[in-house]
Amino acid sequence: LLAVLVGAEISLWKNIRGVISHKYSIDIATKTTRIVALALSAIAILCFIAKVNALFQIQTRYMKFCSLVLSKDYSSAYQYLSPEYRGQKNLDQFVEDDFFVYELYCPTHGESFEFTSSFGKSASVFPYPFTYLGSFAELAGGPVIYMEKTSGEWFLTGETAWFAD
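Remember, predicted model here, so these are calculated numbers, not experimental data. (Residues numbered from 1 in each chain as written. Predicted model: local features only at pLDDT ≥ 70, side-chain atom pairs only at ≥ 80, totals over all residues. Heavy atoms only, no water.)

Trainee: Would you mind going over the overall build of the protein chain in detail, with residue names and values included?
Mentor: If you tally the helices and strands in the protein chain, you get 4 helices and 6 strands. For the protein chain, the residues scored as buried account for 25% of the 165 residues in total. Long-range contacts, defined here as pairs at least 24 residues apart, represent 46% of the contacts in the protein chain between residues at least 6 apart. Taken as a whole, the protein chain presents about 11,100 Å² of accessible surface, with 65% of it coming from carbon and sulfur. (Helix = DSSP H or I, 4+ residues; strand = E, 2+ residues; numbered from the N terminus. Buried < 20%, exposed > 50% of the residue type's maximum accessible area, 1.4 Å probe, protein only. Contact = heavy atoms within 4.5 Å. Areas by Shrake-Rupley, 256 points an atom, 1.4 Å probe, with all protein chains shown as cover.)

Set out below in structure tokens:
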């Protein structure tokens, strides 16, 4: 009889310990899941803020460049071109060879452009990418201006392309 009671007591304690450890393991797993979810949400929010900030910097820089181009302030506009571009072409070459291209691609009358894309230290600006047809917007052909980030600032690379739909 004593052996049965001791065996029953041992069995009871094993069951209680199993229930207690199971309860705490669920709590730990739930808390860990919540902490991981909160951390991933915070990282996603910080990445989104950084992306929006980068796009704002690119757009602001491009619009300032365009305002200089449209006012024909050659030397100031030239400073918005990448150091690599300025190492290959001087101000006179920029004015003779490339200035007119940017003059055509810059929005006029205070218009803003429609789309900017960035990844890491490179960006693409699409000044006029959308054609509106009634309630639909479709991607149409237009210029693409390439930019790069150097020493914390965004510069135009001097490279352009024509995006065709």
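Trainee: Can you lay out unusual backbone geometry for me, pointing to particular residues and giving the numbers?
Mentor: The phi angle at K72 is positive, at roughly 60 degrees, despite the residue not being glycine. You will see that S151, though not glycine, has its phi angle at about 50 degrees, which is positive. Summarising the element assignment, S151 is placed in the loop between strand 5 (142–150) and strand 6 (153–163). By relative accessible area, which is 77% here, S151 ends up exposed.

Trainee: So what about the nonpolar core? Which residues, and what values?
Mentor: Counting 23 residues, the largest nonpolar core has Y62, F65, L81, F94, Y102, M147 and L156 as its most contacted members. Those elements that provide at least two residues to this core are helix 1 (2–70), helix 2 (74–78), helix 4 (91–105), strand 2 (122–126), strand 5 and strand 6. Residue contributions to this core peak at 6 residues, all from helix 1. If we ignore the near neighbours within four places in the chain, the residues touching F65 are A77, Y80, L81, F94, Y102 and L156. (Core = buried A, V, L, I, M, F, W, Y, C linked by side-chain atoms within 4.5 Å.)

Trainee: Report on the side chain of R61, specifying residues and quantitative values.
Mentor: Checked against the element boundaries, R61 lands in helix 1. Polar contacts involving the side chain of R61 include one to the main-chain carbonyl oxygen of W154, which spans 2.4 Å. Excluding residues within four positions of it along the chain, R61 makes contact with Q79, Y80, M147, E153, W154 and F155. (Polar contact = N/O pair within 3.5 Å; in protein donor to acceptor, adjacent residues only side chain to side chain.)

Trainee: Tell me about helix 4, and name the residues and values.
Mentor: At D98, helix 4 is bent by approximately 60 degrees, the largest bend along its length. Buried residues of helix 4: F94, D98, F99, V101, Y102 and Y105, and no others. Measuring from the backbone nitrogen of D92 back to the side-chain oxygen at the start of helix 4 gives 3.0 Å, which picks out N90 as the cap. (Bend = angle between axes of the 7 residues up to and from the residue.)

Trainee: Outline a nonpolar patch on the surface, supporting the account with residue identities and numerical values.
Mentor: On the surface, a cluster of nonpolar side chains totalling about 520 Å² of accessible area is made up of I45, L46, F48, I49 and V52. Relative to the helices and strands, I49 resides in helix 1. (Patch = residues over 30% accessible without salt bridge, like charges linked within 9 Å, V, L, I, M, F, W, Y side chains within 5 Å. Salt bridge = Lys/Arg side-chain N within 4 Å of Asp/Glu carboxyl O.)

Trainee: Account for the environment of Q79, with residues named and values stated.
Mentor: Relative to the assigned elements, Q79 resides in the loop between helix 2 and helix 3 (83–88). Not counting chain neighbours up to four residues away, the residues in contact with Q79 comprise R61, R86 and F155.

Trainee: Got a sec to walk through the packing of aromatic side chains? Specific residues and values, please.
Mentor: According to the stated counting rule, one finds 3 aromatic pairs in the structure shown. Here the aromatic rings of F65 and Y80 are separated by 6.5 Å at their centres, their planes lie at 50 degrees, and the arrangement is tilted. Here F65, found in helix 1, pairs with Y80, found in the loop between helix 2 and helix 3; they are 15 residues apart in sequence, far enough to count as distant. With respect to burial, F65 and Y80 carry one shared label: buried. Ring geometry for Y85 against F94: centres 6.3 Å apart, planes inclined by 90 degrees, an arrangement best described as edge-to-face. The burial state of Y85 is the same as that of F94; both residues are buried. (Phe/Tyr/Trp six-rings, centres within 6.5 Å; stacked < 30°, edge-to-face > 60°.)

Trainee: Residues and numbers for the environment of L156, please.
Mentor: Inspection of the secondary structure assignment puts L156 in strand 6. As a C-alpha pair, L156 and Q79 span 77 residues in sequence and 9.5 Å in three-dimensional space. Apart from the residues within four sequence positions on either side, L156 is in contact with Y62, F65, Y80, L81, S82, Y102, I145, Y146 and M147.

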